[in-house]
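What the coordinates show
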Amino acid sequence: SETSQPHIALFPSAGMGHLTPFLRLASVLLSHNCMVTLITTKSTVSVAESTYISFFLSTHPEIKHIEFQVPPMQPSNTTTDDPFFIQFKATSRSAHLIHPLISSLSPPLSAIFSDLVVASGVSKVAIDLGIPNYTVSTTSVKFLSLMAYLPILTSDAARLSDRSTEIEIPGLAPLPISSIPPPFFNPDHLFTATLVSNAIALPDCKGILMNTFDCFEPETLSAINNKRALRNLPPILPIGPLETYELKKDQGQYLPWLKNQPAESVVFLSFGSRTAMSKDQIKELRDGLEKSEYRFLWILKMKTVDKDDSEDLEDLLSSSFLERTKNKGMVLKEWVNQQDILAHPAVGGFVNHCGWNSVMEAAQRGIPMLAWPQHGDQRANAEVLEKAGLGIWDRTWGWCGQRLVKTDEIQKRISELMTDAKLKSRAKKVGEEARKATGNGGSSIKTIMEVIESLKQ
Ligand code: BUP
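Residues numbered from 1 in each chain as written. Predicted model: local features only at pLDDT ≥ 70, side-chain atom pairs only at ≥ 80, totals over all residues. Heavy atoms only, no water.

Turning our attention to the overall build of the chain. A tally of helices and strands in the chain yields 19 helices and 13 strands. A globule of 457 residues ought to have a C-alpha radius of gyration of about 23 Å, and the chain, at 22 Å, matches this closely. Out of the 457 residues in the chain, the part that is buried amounts to 58%. Look at the contacts in the chain between residues 6 or more apart in sequence, and 74% of them connect residues 24 or more apart. Surface exposure of the chain reaches about 18,800 Å², of which carbon and sulfur atoms provide 52%. Computed over 46 positive and 49 negative side-chain charges, the inter-centroid distance for the chain is 3 Å. (Helix = DSSP H or I, 4+ residues; strand = E, 2+ residues; numbered from the N terminus. Rg over C-alpha atoms; globule rule 2.2 N^0.38 Å. Buried < 20%, exposed > 50% of the residue type's maximum accessible area, 1.4 Å probe, protein only. Contact = heavy atoms within 4.5 Å. Areas by Shrake-Rupley, 256 points an atom, 1.4 Å probe, with all protein chains shown as cover. Lys, Arg positive; Asp, Glu negative; His and termini not counted. Charge placed at Lys NZ, Arg CZ, Asp CG, Glu CD.)

As structure tokens, then:
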């Protein structure tokens, strides 16, 4: 009957890293017989986002789509020019305006699942409509705990200015200062301010749905869920690794190429959808990769936003490099289907920036990672994946642009990634645990089923 079919609105925020888990969650909900309404902002920051949204909707005509026109920001805050941070802020401060768009939906909504950066506005709307709001957090539990603690941290000027120590969140393992994103030391930074104003609303949510699984970061998870830390948080609900869904097949030559490579012989390098390294760093990476003598598939982005990426690969890498390595490797600057690449048996290691979706995609396949975090949550994430046994991380490499990581260091770590048998077997074990969590009767499946059950009435 109609009442046994919950109707859930999903409201992601900007960037592929935020959109991807929501679309994956949408397909999980549909497969459990829920109705889904997807709320997206009227224009997206990247082309990748709008392409994925349209393709997803075209393959799921049963989803209702609401386009939300976000009033643009005045370009007055000068703490950042990152278009994604600006869009977070714009969406955050207008989130309450979704009220009239969703209050008369039929059948009425049973719940709203929304991004952390709209928690404040959406939780008020949810209270008004008398329905639960779940926050979907798109990062590690470790980094979530830091964001949840940010209102306290940023209100304590003395602690913020003391850069010599670790950040201690009572009840949790301390976080080294070097893992705290630099903007967090400035309470006026647009990104920090946006997070703080929404983190204070987390206690109003019914639960925090996370793309992770029980045994990937057990300590942080149990400290929070057993009320030994951050006691005002609602339960954290691990529902991952969220299954990948059918994506638009691109015309890329990489799949036929991968097919011709021996098992586990290829290093796959990608630094996410919003990271661009400096040209000097790209050259060191190029040389380290060549010196390592491994086969490689390298996704190389030169701009933060895909729209303006017109740089030429030959200019950047030199035609002689491309010529010398043409039988050994492939460098691409276009959008690829990362989930298909990681699933390919030829891939033996993953050099990556540690965006949380990428970490979960590697975990699900048991692919060892060489962590090369660049910004934001990525150092905290690197710490988590290293501890879980999924990969290695050289902490001295620093944040993006902090120092030039040299050819020889890169060569050495890539060789370690591809030859360390212990690392390989630990990563395979992580893969088995991940698949157990999402298999029949697995912990993540149980958790999402319980949430869905609770919304039926
Ligand atoms: Br690039 C790229 N193809 O070419 P993360 C990324 N992806 O499928 P990010 C592709 O986008 P934030 C490409 O598999 C992952 O699901 C990738 O999310 C996919 O990093 C997603 O890994 C990227 O979380 O996000 O985009 O840097 O910085 O917001 O965490």
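By nearness alone, 18 residues border the ligand, and S273, V336, N357, S358 and E361 come closest of all. The separation between a nitrogen atom of the ligand and a polar side-chain atom of W335 is 3.5 Å. One of the backbone nitrogen or oxygen atoms of W356 is found 3.4 Å away from an oxygen atom of the ligand. Burial of the ligand by the surrounding chains reaches 95%, relative to a free accessible area of 630 Å². Listing elements by their share of the shell around the ligand, those giving two or more residues are helix 1 (16-31) and helix 15 (356-365). Considering only residue class, the shell around the ligand consists of 4 nonpolar, 11 polar and 3 charged. (Near = heavy atom within 4 Å. Polar contact = N/O pair within 3.5 Å; in protein donor to acceptor, adjacent residues only side chain to side chain. Nonpolar A, V, L, I, M, F, W, Y, C, P; charged D, E, K, R; others polar.)

Locating N198 in the fold gives a position in helix 8 (residues 190-199). Among the polar contacts listed, one links the side chain of N198 to the backbone oxygen of T194, at a separation of 2.8 Å. The residues contacting N198, other than those within four sequence positions of it, are S92, L116, V117, V118, A119, S120 and G121.

With that out of the way, let us pick up the sheet that holds strand 7 (residues 236-238). The strand order across the open sheet formed by 7 strands is 3-2-1-4-5-6-7, and the pairing between neighbours is parallel. Both outer strands of the open sheet, strand 3 (64-68) and strand 7, are each paired with one neighbouring strand and no more. Mean inter-strand twist for the sheet, computed between neighbouring axes without regard to direction, equals 25°. Examined bridge by bridge, strand 1 (residues 7-11) and strand 2 (residues 35-41) share 4 bridges and lie parallel to one another. Bridge assignment links H7 to a residue of strand 2, and that residue is M35. (Pairing = 2+ DSSP bridges. Axes fitted to C-alpha atoms, helices over the stretch in contact; angles between N-to-C directions.)

Counted under the stated rule, the structure contains 14 aromatic pairs. Each ring, one from F11 and one from F68, has its centre 6.0 Å from the other, and the planes form 85°; the classification is edge-to-face. Of this pair, F11 sits in strand 1 while F68 is found in strand 3, placing the two residues 57 residues apart along the sequence. By relative accessible area, F68 is classed as buried at 2%. (Phe/Tyr/Trp six-rings, centres within 6.5 Å; stacked < 30°, edge-to-face > 60°.)

Another point: the environment of H65. With respect to the helices and strands, H65 occurs in strand 3. Along the primary structure H65 and L10 are separated by 55 residues, whereas in three dimensions their C-alpha atoms are 9.8 Å apart. If sequence neighbours within four positions are ignored, H65 has contacts with L38, T40, I53 and L57. Within the local environment of H65, its side chain forms a polar contact with the side chain of T40, the two groups lying 2.7 Å apart.

Next up on the list: the sheet that holds strand 11 (residues 347-352). Strand order in the open sheet made by the 6 strands is 10-9-8-11-12-13, with parallel pairing throughout. Two strands lie at the open edges of the sheet, namely strand 10 (329-332) and strand 13 (391-393), each paired on one side alone. Put simply, the sheet's adjacent strands are angled 15° from each other on average, direction ignored. Inspection of the sheet shows strand 11 paired to strand 12 (residues 369-371) by 3 bridges, in the parallel sense. In the strand pairing of strand 12, F350 is matched with M369.

Another aspect to go through is the packing of helix 6 (residues 141-154) against helix 9 (residues 218-225). Contact geometry of helix 6 with helix 9 gives a least axis separation of 9 Å together with a crossing angle of 40°. In terms of orientation, helix 6 and helix 9 fall into the oblique class. Contacts from V141, K142 and S145 in helix 6 reach T220, L221 and I224 in helix 9. Tallied by class, the residues present in the contact of helix 6 with helix 9 amount to 3 nonpolar, 2 polar and 1 charged. (Parallel < 35°, antiparallel > 145°, perpendicular 65-115°, else oblique.)

It is worth spelling out the pattern of salt bridges at this point. Scanning all chains against the criterion turns up 16 salt bridges. Taking the shortest distance from any N to any O, the salt bridge between R286 and D287 comes out at 2.9 Å. A residue is classified by how much of its surface remains accessible, and D287, at 28% relative accessible area, is partly exposed. With a closest N to O distance of 2.7 Å, D408 and K291 form a salt bridge. Highlighted residues: D408 in helix 17 (residues 407-419) and K291 in helix 11 (residues 279-292), separated in sequence by 117 residues. For D408, a relative accessible area of 45% puts it in the partly exposed group. Judged by relative accessible area, K291 falls into the partly exposed class, the value being 45%. Through salt bridges with shared partners, one network takes in E264, K424 and K428. (Salt bridge = Lys/Arg side-chain N within 4 Å of Asp/Glu carboxyl O.)

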